[in-house]
Amino acid sequence: MKLLWCAVGAIIPFLSVNALIPENKQQSIQQPGSGIAGHEKLDDVISASPLLSLHRAICEVESISHNELAVGKLVVSILEAHNFTVKTQGVPQPEETNSTKPRYNIYAYPDPSKYSGIELDSIPSPKVVLSSHIDTVPPHIPYSLSLPAAAARSAKTREDILISGRGTVDDKACVAVQIQTLLDLLADPETKLDPSDVALLFVVGEETHGDGMRRFSASDLYEQTNANYKAILFGEPTEGKLATGHKGISMVKIKAHGKAAHSGYPWLGRSANSMILPALVALDGLGDIPEDVGGLPRSGKYGKSTVNVGLMQGGVAGNVVAEYAEASITFRLAGGDADEVKELVTEAVRRVDPDRLLELDFAQGYGPVELDGDDVDGFDTITVNYGTDIPNLKVAEGVKRYLYGPGSILVAHGENEGLTVGDLEEALDGYKTLLLRSL
């Protein structure tokens, strides 16, 4: 166990990652712009930075969706060590997980008695909330450090250091940057940041059901604290650009109930696999069909809606007529809304299933989400195709919603998930700008 002295003078624990870094990765690098070879090793660069060591600490803890307790405890201990008051909010496991593991959202705000000497009788109502999620997709990939091949052939600067592993981008980069943003601004007397104006919200379950944010949105804690909101700063990988919006989503599970039989006598049964295939073919092409002939909606801003037949399963063996089959399909919506797409999908399926033998189970969805990315100077803008927790938090009209974070979604769920030191440090500056302008 190591200890790191972080901003505003508190000690936080983090786990060593030296064992994860091969000796050939412990390379000397150059200071940016200096052109003079230094003697810092990759691990030393991380250890010397409050932001980078905080990011490492939370990334080393596995927190795949529905198993977020350990990282939640770590984040709570870090925030409490930095004079934050922390409220945890239990989030039940979805029924289908058959799990009883505890998990919780984290709502935290700077303790006014510690930062400004003012005692409050109730929880402050902040003007700006910074929010990210602490769960990740599977599988867990250990944290590691390296230099990209291009940098290895040229001058190596600390900004080139590549930080890899599950969650290093989505979404623990934003968790670390948002925490460090508040620590830095609270410690800087020139900003004159009122501690009661800001709060942090870290939720579970974003990668699966969005149940963490929905739990917060429907809670007494939210009702007690949302009266003065001016802006919510949502953290997701946006390549350091402000997102002006993201696509909507609709999901359907198709179920087919057939009749089992010996494969040598298939006419004695009914294959659930064969029942479901025409519907999958029909839905798979909906994004390429013009809207006026039953295709999915499009828009100038988001382009085409897209279809992903993500999961198919059916039958028990190759020599048995399948008795049951199901498939899960996700639509990323460039226009329209979930009800409109539900109608389109149902019509497309019934054209190949006139006897209505297939069961359609639609999940809660939403149309494209418009965001306030165009009203802040100094940032490039982007639209993104993924979904977020933003629709799950119901805010009053006029409250700004910003989506911003380091790293690219194109690597976020892959085996090569990672971002650079430069990405993280640039996002720290970006969050400070966004926060101060929001106030």
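Please refer to the structure placed before this passage.
Let me begin by describing the structure that accompanies this report. (Residues numbered from 1 in each chain as written. Predicted model: local features only at pLDDT ≥ 70, side-chain atom pairs only at ≥ 80, totals over all residues. Heavy atoms only, no water.)

Re the overall build of the protein
So, point 1. On a plain count of helices and strands, the protein comes out with 12 helices and 20 strands.
So, point 2. Counting every atom, the protein has about 19500 Å² of accessible surface; 50% of that belongs to carbon and sulfur. (Helix = DSSP H or I, 4+ residues; strand = E, 2+ residues; numbered from the N terminus. Areas by Shrake-Rupley, 256 points an atom, 1.4 Å probe, with all protein chains shown as cover.)

Section: the side chain of Thr238
So, point 1. On the secondary structure map, Thr238 appears in the loop between strand S9 (231-235) and strand S10 (242-246).
So, point 2. A polar contact is formed between the side chain of Thr238 and the backbone nitrogen of Gly405, at a distance of 3.0 Å.
So, point 3. Setting aside residues up to four positions removed in sequence, Thr238 forms contacts with Ala243, Ile382, Tyr386, Leu403, Tyr404, Gly405, Pro406 and Gly407. (Polar contact = N/O pair within 3.5 Å; in protein donor to acceptor, adjacent residues only side chain to side chain. Contact = heavy atoms within 4.5 Å.)

Some thoughts on the packing of aromatic side chains
So, point 1. What the rule picks out here adds up to seven aromatic pairs.
So, point 2. Geometrically, the ring pair formed by Tyr107 and Tyr109 is tilted, given 6.3 Å between the ring centres and 55 degrees between the ring planes. Residue Tyr107 shares its accessibility class with Tyr109, and that shared class is buried.
So, point 3. By way of ring pairs, the aromatic residues Tyr107, Tyr109, Phe216, Tyr222 and Tyr229 are connected into one cluster. (Phe/Tyr/Trp six-rings, centres within 6.5 Å; stacked < 30°, edge-to-face > 60°. Buried < 20%, exposed > 50% of the residue type's maximum accessible area, 1.4 Å probe, protein only.)

Observations concerning the packing of helix H2 (residues 50-59) against helix H12 (residues 421-438)
So, point 1. It is at 10 Å that the axes of H2 and H12 come closest, and there the two elements cross at 110 degrees. What the angle tells us is that H2 and H12 run roughly perpendicular. Here H2 and H12 pass one another in a crossing that is right-handed. Seen from H2, the contacting residues are Leu51, Leu52 and His55; seen from H12, they are Val421, Leu424, Glu425 and Leu428. (Axes fitted to C-alpha atoms, helices over the stretch in contact; angles between N-to-C directions. Parallel < 35°, antiparallel > 145°, perpendicular 65-115°, else oblique. Left-handed = near helix turned anticlockwise from the far one by under 90°.)

Some words on the pairing of strand S15 (residues 324-333)
So, point 1. Pairing between strand S11 (residues 248-257) and S15: 10 bridges, direction antiparallel. Bridging across to S15, Ser250 finds its partner in Phe331. (Pairing = 2+ DSSP bridges.)

Brief notes about helix H3 (residues 69-81)
So, point 1. Taking 1.5 Å per residue, 13 residues should reach 18 Å; H3 reaches 18 Å between its end C-alpha atoms and fits that length.
So, point 2. All of the buried residues along H3 are Val71, Gly72, Leu74, Val75, Val76, Ile78 and Leu79. (Expected span 1.5 Å × (residues − 1).)

Section: the nonpolar core
Nonpolar side chains in soluble globular proteins generally cluster together in the buried interior.
So, point 1. In terms of nonpolar packing, the biggest core is built from 62 residues, with Leu79, Phe84, Ile106, Ile163, Ile179, Phe202 and Leu233 touching the most fellow members.
So, point 2. Considering every element that reaches this core, the biggest residue donor is helix H6 (residues 172-187), with 10 residues.
So, point 3. Dropping the residues within four chain positions of it, Ile106 is found in contact with Gly72, Val75, Val76, Leu79, Val86, Lys87, Ile134, Leu200, Leu201 and Phe202.
So, point 4. Judged by nonpolar contacts, the second largest core, of 26 residues, contains Tyr109, Val203, Met213 and Leu393. (Core = buried A, V, L, I, M, F, W, Y, C linked by side-chain atoms within 4.5 Å.)

Points about a negative patch on the surface
So, point 1. A grouping of Glu291, Asp292, Asp337, Asp339, Glu340, Glu343 and Glu347 is seen on the molecular surface, where their side chains present a negatively charged patch.
So, point 2. Along the polypeptide, Glu340 turns up in helix H10 (residues 338-352). (Patch = residues over 30% accessible without salt bridge, like charges linked within 9 Å, V, L, I, M, F, W, Y side chains within 5 Å. Salt bridge = Lys/Arg side-chain N within 4 Å of Asp/Glu carboxyl O. Lys, Arg positive; Asp, Glu negative; His and termini not counted. Charge placed at Lys NZ, Arg CZ, Asp CG, Glu CD.)

Some points on a nonpolar patch on the surface
So, point 1. Judged by side-chain polarity, Tyr265, Trp267 and Leu268 come together as a nonpolar surface patch covering roughly 410 Å² of accessible area.
So, point 2. Note on placement: Leu268 falls in the loop between S11 and helix H9 (272-284).

A short note on the environment of Gly303
So, point 1. Residue placement: Gly303 occurs in strand S13 (residues 303-304).
So, point 2. Classification of Gly303 as partly exposed rests on a relative accessible area of 29%.
So, point 3. Gly303 sits 82 residues away from Asn385 along the chain, and the two C-alpha atoms are 9.8 Å apart.
So, point 4. Each residue touching Gly303, except ones within four places of it in the same chain, is listed here: Arg298 and Ala334.

Some remarks on the pattern of salt bridges
So, point 1. Overall, the coordinates contain 14 salt bridges when judged by the stated rule.
So, point 2. Note that Lys241 is salt-bridged to Glu239, the shortest N-O span being 3.7 Å.
So, point 3. Overall, Lys241 belongs to the partly exposed group, its relative accessible area being 27%.
So, point 4. Of the residues examined, Glu239 reaches a relative accessible area of 39% and is grouped as partly exposed.
So, point 5. Here Glu359 makes a salt bridge to Lys255, at a shortest N to O gap of 4.0 Å. With Glu359 in strand S16 (residues 359-362) and Lys255 in strand S11, this residue pair connects regions lying 104 residues apart in the sequence.
So, point 6. Taken together, the salt bridges that share partners define one network made up of Glu68, Arg103 and Asp211.

Quick notes on the sheet that holds strand S7 (residues 162-164)
So, point 1. Within the open sheet, the three strands sit side by side as S6-S7-S20. Their pairing is antiparallel. On the outer flanks of this sheet lie strand S6 (144-146) and strand S20 (418-420), each paired with one strand and no other. On average, adjacent strands in this sheet sit at an angle of 25 degrees to one another, irrespective of strand direction.
So, point 2. Two strands pair when backbone bridges link them, and S7 and S20 are joined in this way by three bridges, in the antiparallel orientation. Bridge pairing in S20 links Ile163 to Leu419.
So, point 3. Each of S7 and S20 is contacted by H12, which is oriented at about 70 degrees to S20, the strand it contacts most.

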